[in-house]
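Residues per chain, in single letters:
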Amino acid sequence: MGIKKFINSVKELLGLDEFENTGKKKSVKRLLKKLKARKDILNKVPKKKLSKKEKKELKEELAIITLQIKKGEKILNELNSQNTKNSKK
Amino acid sequence: MLRKIFLPSILIVLAYGFWISPDFKEISAGVAIFLFGMLSLEEGFKAFSGGTLEKILQKSTDKLYKSIGFGFVTTAIMQSSSLVSVLTISFIGAGLIGLTQGIGIIFGANIGTTTGAWLMAGFGLKVKISAYAMPMLVFGVILIFQKAKSLKGIGYILTGLGFLFLGIHYMKDGFEAFKDSIDMASFAVDGFKGLMIFIGIGVLATVVMQSSHATIVLILAALSVNQITYENALALTIGANIGTTITAVIGSLSSNIDGKRLAGAHFIFNVVTATIAVLLMSQMIVSVDAISDFLGIANDNHTLKLAVFDSLFKIMGVLIFIPFVDKLVHFLQRTIKPGKKKDGEEFEGVKYLNDSVLELPTTAISALTNETKHLYENAFEIITHGLNLKRENIISTMPLKDVVKHPHSENAIDIDNFYNHRIKGIYGDIIDFSTKAQSEMTPEDIEKLYKIKLANRDIVEAVKDTKHLQKNLIKYDKNPNKHIKEQYDNIKIGLAELLRNIDLVSKMTEEDEIILLLSKAKVHMQKYDILANGTLDNLIRHDLITNEMATSLMNDSTYAYDISKNFIAMAEVIFIDSSGDIKNIGEDMVISDEDVDLILEEKDE
């Protein structure tokens, strides 16, 4: 057994790759939670009371948050599918 | 001059000693092998000190007692206070820890060195440790030849321990044989005079060997065969502790100001403790006897009693100094100051980059990140003043429209002069340091380093673009054409908003806010695309500005766009990459140009 193969089998045995993914997953989940909470707050802002400029700013912030949530969910799905692949191996 | 004479003199004395006494040769060889073992051990531990080091350090040095514990444990494991001192200077230099924590680590390291005396007195002199040395050396050397960094590290540690054991064996054998030919104990001097002479010998021996650990092992070896008296051994131990500070002072010469202050703390601590020990010598001997009795150490077991003395002496020093750590820090900050600069006359230098932080890739990268932040702060000020805005207004909550109404000064600042004094030198040193640092780095570290270099280039480009922009900002600031003035005010407002957002990002810890602010900055950057958004077209078609104004506006909008682009790119590297959770996912969450288009479309709907 070559040294690389040995290291890979040890990594697999100890689940070190998954460990790295788990850390990343936790970070994404935490960020998503915060972004969703912020989106909820923004959605509750009474739009009628806002000026035209403020409405525009609110719309922009919501568009950015929505996009970031989508991005975060995509990363989370990718990490989940990676973990499933690793466990099937 | 002295240094030129010192080395040949030592070599001549040693050569003469080897010629007249084979036993002296054996003792010296033992010391040399022991020191080589320490070097090897240091090399081995360095292989393991990257990566998570930063986290461990931050968690284990946030309180003084933790710093002391950290210093004690690391020195006990590595058996080298000099390695711990060098690494501590390196951590301070890189800005990973402060001076107070550094002093705590040094206190702990001082107590940690006593474990060496205990091991030697309790184990090394009674067991034939050379029997362990041989297999360690064989396994160690085999592992050193392996490619994997961790295996190499283990190899160096094993070889280091092997050489330490072998060195102790030779020292012990040498002194035993020496006893038959010369009785050194007959040279023993009693009383205060003897105390001072042997303290002096201890200092000298440690300065020559550059290790108090080696001196104490040598003292124990000589004491175990009664070549020196117990009282003289105590004095030599005190001397060794003073001598070791000279090694630290020499080591700090290449360090930054805090490294020098740390060496100062080390020196004050050891000299004051030694003075107290000399003054209270008889009381300390009585205390050592009492503690030895309590621990069941025989009255004539002088080697173990010396270990008790060493521990008592160092623990006493730390206990005396703990209440005064803050005062010590203030004193050092007052007395050891950086070289003074005359405003605007001298070139500003780097704050964090020095040879001491090159010890580890982690400290080198951390120092480079901090230095880039330093460069960013200078650039922030130059750009702010280049736009003729006040820094304090930008970082406040003042409405941006009001920020542009309060100019920084009546006259335009000379950006070239500022660039030469506060950017160019630092940038050059960062690039030079990066080249030096990368020779010891892994490909992953080199990638991080490359990103930092790019961030620095972005900062420099942003300053240069501000210089180009400044010319027309001044020209059109008081122009009677209100349309062109409005356009240039908009550029100023946009850049003020960018600077405010980047400043907020640099101070924030909430990752969702950081991501949101940087995304907003990217979206707002698009307003400088005056060709695409029809602003320029509108102004020309309605004859609101001249052709010359239109050309200037087009060029200057590009400069404003580039300044924003460069500053955002820099912030993504310097502030996202070093901030908690998003460090893991930063790159994936940064929005692309396509994302910006999507947001703009949604916004316009």
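Residues numbered from 1 in each chain as written. Chains lettered and ligands numbered in written order. Predicted model: local features only at pLDDT ≥ 70, side-chain atom pairs only at ≥ 80, totals over all residues.

Participant: Lay out the overall build of chain A in plain terms, naming residues and giving numbers.
Facilitator: Helices and strands together make up the secondary structure of chain A, namely three helices and zero strands. Its helices and strands taken in sequence order, chain A reads α-α-α from the N to the C terminus. With 89 residues in all, chain A has 12% of them scored as buried. (Helix = DSSP H or I, 4+ residues; strand = E, 2+ residues; numbered from the N terminus. Buried ≥ 20, exposed ≤ 12 C-beta atoms within 10 Å, placed from the backbone.)

Participant: Give me the lowdown on the overall build of chain B, citing residues and values where you can.
Facilitator: Within chain B, the regular secondary structure consists of 27 helices and zero strands. Within chain B, the fraction of its 605 residues that count as buried is 47%.

Participant: For the interface of chain A and chain B, give the residues involved together with the corresponding values.
Facilitator: The interface is formed by 21 residues belonging to chain A together with 19 residues belonging to chain B. Elements with a minimum of two residues in the side of chain A that touches chain B: helix H2 (16–43) and helix H3 (52–88) of chain A. Looking at which element gives the most residues to the side of chain A that touches chain B, the answer is H3(A), with 11 residues. A breakdown of the residues in the side of chain A that touches chain B according to their chemical character gives nine nonpolar, four polar and eight charged. (Contact = placed C-beta atoms within 7 Å. Nonpolar A, V, L, I, M, F, W, Y, C, P; charged D, E, K, R; others polar.)

Participant: Explain the nonpolar core to me, and be specific about the residues and the numbers.
Facilitator: In globular proteins that are soluble, nonpolar side chains generally tend to be buried together. All names here are of chain B. Val 217, Leu 220 and Ala 379 are the most contacted members of the largest nonpolar core, which has 167 residues in total. Looking at which element gives the most residues to this core, the answer is helix H25 (residues 547–576), with 14 residues. A domain-level breakdown of this core finds at least three residues from each of domain 1 (23–335) and domain 2 (355–604). (Core = buried A, V, L, I, M, F, W, Y, C linked by C-beta atoms within 7 Å. Domains from an automatic or database assignment.)

Participant: Can you tell me about the packing of helix H10 (residues 191–209) of chain B against helix H11 (residues 212–224) of chain B, naming the residues and giving the values?
Facilitator: For any two helices packed against each other, the geometry comes down to the angle between their axes and how far apart the axes lie. Residue and element names in this part refer to chain B. The N-to-C vectors of H10 and H11 enclose an angle of 125 degrees; their axes lie 8 Å apart at closest approach. Classed by the angle they form, the pair H10 and H11 counts as oblique. Crossing of H10 against H11: the hand is right-handed. Residue-level inspection shows Gly 202, Ala 205, Thr 206 and Met 209 of H10 in contact with H11, the latter providing Ser 212, Ala 214 and Thr 215. Classifying every residue of the contact of H10 with H11 by side-chain character gives three nonpolar, four polar and no charged. (Axes fitted to C-alpha atoms, helices over the stretch in contact; angles between N-to-C directions. Parallel < 35°, antiparallel > 145°, perpendicular 65-115°, else oblique. Left-handed = near helix turned anticlockwise from the far one by under 90°.)

Participant: Just give me the short version of the confidence of the model for chain A, but keep the residues and values in it.
Facilitator: In this model, chain A carries an average pLDDT of 76, and 66% of its residues clear a pLDDT of 70 or more. Taking the mean pLDDT of every element in chain A, the minimum, 59, falls on helix H1 (residues 3–14) of chain A and the maximum, 82, on H3(A). (pLDDT = per-residue confidence, 0-100.)

Participant: Which residues make up unusual backbone geometry, and what values do they have?
Facilitator: Residues and elements named next belong to chain B. Positive phi outside glycine occurs at Asn 226, with the angle close to 60 degrees. With respect to the secondary-structure elements, Asn 226 resides in the loop between H11 and helix H12 (230–252). Owing to 14 C-beta atoms within 10 Å, Asn 226 belongs among the partly exposed residues under this scheme. Of note in this structure, Asn 388 is not a glycine but carries a positive phi near 60 degrees. Turning to its location among the elements, Asn 388 is positioned in the loop between helix H17 (361–386) and helix H18 (391–394). Judged by local crowding, Asn 388 falls into the buried class, with 20 C-beta atoms found within 10 Å.

Participant: Which residues make up the environment of Lys149(B), and what values do they have?
Facilitator: If you trace the backbone, Lys149(B) turns up in helix H9 (residues 149–181). The spatial distance from the C-alpha of Lys149(B) to the C-alpha of Gly44(B) is 9.6 Å, given a sequence separation of 105 residues.

Participant: With reference to specific residues and values, describe the environment of Val523(B).
Facilitator: Within the secondary structure, Val523(B) is located in helix H23 (residues 511–525). C-alpha separation for the pair Val523(B) and Leu600(B), spaced 77 residues apart in sequence, amounts to 7.3 Å. With sequence-adjacent residues up to four places away left out, Val523(B) is seen in contact with Glu60(A), Ile64(A), Val596(B), Ile599(B) and Leu600(B).

Participant: How would you summarise the confidence of the model for chain B if you had to cite specific residues and measurements?
Facilitator: Per-residue pLDDT for chain B has a mean of 82; in total, 89% of the residues score no lower than 70. Interface confidence for the predicted complex, expressed as ipTM, amounts to 0.75; the pTM equals 0.67.

Participant: Quick one: what's the story with the environment of Ala32(B), residue by residue and with numbers?
Facilitator: Residue and element names in this part refer to chain B. Turning to its location among the elements, Ala 32 is positioned in helix H2 (residues 22–47). In this structure Ala 32 comes out as partly exposed when scored by C-beta crowding, with 16 C-beta atoms within 10 Å. As for Ala 32 and Ala 214, which are separated by 182 residues in sequence, their C-alpha atoms are 9.4 Å apart.

Participant: I'd like a description of helix H21 (residues 443–477) of chain B, backed by residues and values.
Facilitator: The α-helix advances 3.6 residues per turn, and as a result positions three or four apart in sequence lie on the same side. Helix length check: H21(B), at 35 residues, gives a terminal C-alpha distance of 50 Å against a target of 51 Å (1.5 Å per residue), a fit within 8%. Remark: the principal bend of H21(B), roughly 30 degrees, maps to Leu469(B). (Expected span 1.5 Å × (residues − 1). Bend = angle between axes of the 7 residues up to and from the residue.)

Participant: Any chance you could break down the packing of helix H6 (residues 99–112) of chain B against helix H15 (residues 302–321) of chain B for me, citing the residues and the numbers?
Facilitator: Residue and element names in this part refer to chain B. Here H6 crosses H15 at 160 degrees, and the two axes come no closer than 8 Å. Between H6 and H15, the angle is such that the two are roughly antiparallel. Crossing hand, H6 versus H15: left-handed. Packed against H6, whose contacting residues are Phe 107, Asn 110 and Ile 111, the element H15 presents Lys 314, Ile 315, Gly 317, Val 318 and Phe 321 at the interface.

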